[in-house]
Amino acid sequence: FTASDRAMGGLRRFLRDCGYTPCGWGQGRNIGVNRACLDAVCRRVADLESEHGTPVSLLGWSGGGMYARAAAAVMPQSVRTVITMGTPFKLTREHLDYMPQGILELHERLSPEDENAPEEFDSDLFCNSPPVPSTSLYSERDALAPRSFCLDFADARSENVQVPGSHAGMTFNPLMY
């Protein structure tokens, strides 16, 4: 939330050095959950799959991980795996009172026309495990996305991995890499 592709630049460089072809999400700043942005992410996934001839792996940090999980739910045939970092996908409308008031106010200020966006966004798309292999990276010290909101149902397809560090530092944390 509020981050752009620049926030993941170091991680993309690392992935490039490992031989991957990382791409940003291309949506500018993440100003909150809305269907139009999810549709744009799905078009991006379809374009990348077509360009590279193979399903893509999605990596999302915090709110970006919500979009990665939702895109995998919408188009599982196009997604190889989903990796989330500090993504509070178990944070539903009923739990919004947990979030610091400043974050909710910022969301309202950035997206005034999206006052109903969380309701229009089908919670099954991000609360349920994606239908592809997934890994949720989380930190016990994450004050914005606590462990309880980041744990997926562990099964043969999903895993949870605890990594030390802060929420804001996840994209720069060598242990996260």
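Residues numbered from 1 in each chain as written. Predicted model: local features only at pLDDT ≥ 70, side-chain atom pairs only at ≥ 80, totals over all residues. Heavy atoms only, no water.

**Student:** How should I be thinking about the side chain of Ser129 in this particular structure?
**Tutor:** Considering the arrangement of structural elements, one finds Ser129 in the loop between helix 6 (124-127) and strand 3 (134-138). There is a polar contact of 2.6 Å between the side chain of Ser129 and the side chain of Asp152. Setting aside residues no more than four positions away along its own chain, Ser129 makes contact with Arg69, Asp152, Phe153 and Ser158. (Helix = DSSP H or I, 4+ residues; strand = E, 2+ residues; numbered from the N terminus. Polar contact = N/O pair within 3.5 Å; in protein donor to acceptor, adjacent residues only side chain to side chain. Contact = heavy atoms within 4.5 Å.)

**Student:** Which parts of the structure should I look at to understand unusual backbone geometry?
**Tutor:** Excluding glycine, a negative phi dihedral is what most residues carry, and trans is how most peptide bonds are arranged. Here the phi dihedral of Ser62 falls at roughly 55°; this positive angle occurs in a residue that is not glycine. Following the sequence through the fold, Ser62 ends up in the loop between strand 1 (56-61) and helix 3 (63-74). Residue classification places Ser62 among the buried positions, given a relative accessible area of 12%. (Buried < 20%, exposed > 50% of the residue type's maximum accessible area, 1.4 Å probe, protein only.)

**Student:** Any chance you could explain the layout of surface pockets here in plain terms?
**Tutor:** It is a probe the size of a water molecule, rolled over the atoms, that shows where empty space is left. By volume, the largest pocket amounts to about 1,200 Å³. Lining the largest pocket are 42 residues, with Leu15, Cys23, Ser57, Leu58 and Leu59 positioned closest to its centre. Of all the secondary structure elements, the ones that give two or more residues to the lining of the largest pocket are helix 1 (9-17), helix 2 (35-52), strand 1, helix 3 and strand 2 (79-85). Counting residues per element, the lining of the largest pocket draws most heavily on strand 1, which supplies six residues. Grouping the amino acids of the lining of the largest pocket by side-chain chemistry returns 27 nonpolar, eleven polar and four charged. (1 Å grid on protein atoms, 1.4 Å probe; cavity = no way out; pocket = protein on both sides within 12 Å on 5 of 7 lines; lining within 4 Å. Points joined across faces, edges and corners; volume = space filled by probe spheres on them. Nonpolar A, V, L, I, M, F, W, Y, C, P; charged D, E, K, R; others polar.)

**Student:** Just checking my understanding: could you explain the pattern of salt bridges for this structure?
**Tutor:** Note that side chains of opposite charge can pair when their charged atoms are close. Within this structure, the stated rule accounts for three salt bridges. Note that Arg69 is salt-bridged to Asp152, the shortest N-O span being 3.0 Å. Of the two residues, Arg69 sits in helix 3 while Asp152 sits in the loop between helix 7 (147-150) and strand 4 (158-162), which places them 83 residues apart along the sequence. Assigned by exposure class, Arg69 and Asp152 land together as buried. (Salt bridge = Lys/Arg side-chain N within 4 Å of Asp/Glu carboxyl O.)

**Student:** Sorry if this is basic, but what is going on with the packing of helix 2 against helix 3 here?
**Tutor:** A pair of packed helices can be characterised by two numbers: the angle between their axes and the separation between those axes. It is at 10 Å that the axes of helix 2 and helix 3 come closest, and there the two elements cross at 65°. With respect to each other, helix 2 and helix 3 are oriented roughly perpendicular. Considering how the two elements wind past one another, helix 2 and helix 3 form a crossing that is right-handed. Listed contacts from helix 3 to Arg35, Cys37, Leu38, Val41 and Cys42 of helix 2 are Tyr67, Ala70, Ala71 and Val74. Its residues placed into classes, the contact of helix 2 with helix 3 shows eight nonpolar, no polar and one charged. (Axes fitted to C-alpha atoms, helices over the stretch in contact; angles between N-to-C directions. Parallel < 35°, antiparallel > 145°, perpendicular 65-115°, else oblique. Left-handed = near helix turned anticlockwise from the far one by under 90°.)

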